[in-house]
Amino acid sequence: MPEHITPVPLDKSYRLLNHGPTVLVSAAHGGVSNVMAAAWACVLDYGQSPKVTVVLDKATYTRELLMASGEFALQLPTQAMVSLTVGVGSDSAKEVPDKLVKHGVQLFTVPGSGVPLVAGCVGWLVCKWVPEPHNEQTYDLFIGEVVSAWADKRVFRDGRWHFESAPDELRTIHHVAGGQFYATGESVQA
């Protein structure tokens, strides 16, 4: 695991998603890993047992791996990762089995977890799937309980984002539509 990655206390892990970034969703089962992009992820609950939601279409391979393994990760790609994000979000592993290689995705794991994580991101939330069959079938909405969280201390430390003191390429991205993204901007203090 890279030296610049640090654990995030669970009661502060919701802050990794609170600013609404595009996420990469990863899961693995039976020795097969996959990663996809998702624009619809959010915090559902926070505290010592935080929960998140993410929308995963029925056609996605990552959804199948999540349901088979019972775990997944949400991670926050950066401005430097826009092409990778579009690539893993556009190509399906069902049609492009080597899509992770094709898009240069490098995976790693953290101690105590077998969920594959995407290198280069600035935040990672490892989640245990909380089955809610009605929501999953009707809305493609999945709930995860965050069991561990990690962040790149160059941009997230002391429970807060610090984009203003980090290189622009480490800013998180926000998908608008049609392959257009915005990078997180400057901090405005109230």
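Computed from a prediction, not measured in an experiment: that's the story for all the values here.

Participant: What exactly am I supposed to notice about helix H1 (residues 61-69) here?
Facilitator: Since the α-helix turns once every 3.6 residues, residues separated by three or four places project in the same direction. All of the buried residues in H1 are Thr62, Arg63, Leu65 and Leu66. Projected onto a plane normal to the axis of H1, the buried residues spread over an arc of 165 degrees and lie on a single side. Backbone nitrogen of arginine 63 and a side-chain oxygen of the N-cap are separated by 3.4 Å at the start of H1; the cap is threonine 60. At the C-terminal side of H1, glycine 70 shows a positive phi close to 80 degrees.

Participant: It is not clear to me how the environment of tryptophan 40 should be interpreted in this structure. Could you clarify?
Facilitator: Residue position: tryptophan 40 is located in the loop between strand S3 (32-38) and strand S4 (41-45). Residues tryptophan 40 and valine 54, spaced 14 residues apart in sequence, show a C-alpha to C-alpha distance of 5.7 Å. With near-sequence residues (within four places) excluded, tryptophan 40 lies in contact with Thr53, Val54 and Val55.

Participant: Help me understand the nonpolar core in this model?
Facilitator: Grouped burial of nonpolar side chains is what soluble globular proteins tend to show. If you look at the biggest cluster of nonpolar residues, it comprises 30 residues, and the most contacted ones within it are Leu16, Val25, Val54, Phe72, Leu74 and Trp161. Elements represented by at least two residues in this core include exactly strand S2 (23-29), S3, strand S5 (51-55), H1, strand S6 (71-75), strand S9 (123-130) and strand S10 (141-152). It is S10 that provides the largest number of residues to this core, a total of 4 residues. Among residues more than four places away in sequence, those in contact with leucine 16 are Val8, Pro21, Leu76, Trp124, Leu125, Ala149, Trp150, Ala151, Phe156 and Trp161. Counting residues in each nonpolar core, the second largest holds 18 residues, with Leu84, Leu100, Val115 and Trp124 among its members.

Rules of the game
Residues numbered from 1 in each chain as written. Predicted model: local features only at pLDDT ≥ 70, side-chain atom pairs only at ≥ 80, totals over all residues. Heavy atoms only, no water. Buried < 20%, exposed > 50% of the residue type's maximum accessible area, 1.4 Å probe, protein only. Helix = DSSP H or I, 4+ residues; strand = E, 2+ residues; numbered from the N terminus. Arc of directions from axis to C-beta. Polar contact = N/O pair within 3.5 Å; in protein donor to acceptor, adjacent residues only side chain to side chain. Contact = heavy atoms within 4.5 Å. Core = buried A, V, L, I, M, F, W, Y, C linked by side-chain atoms within 4.5 Å.

Honestly, that's just the spatial picture; any functional story needs more than this.
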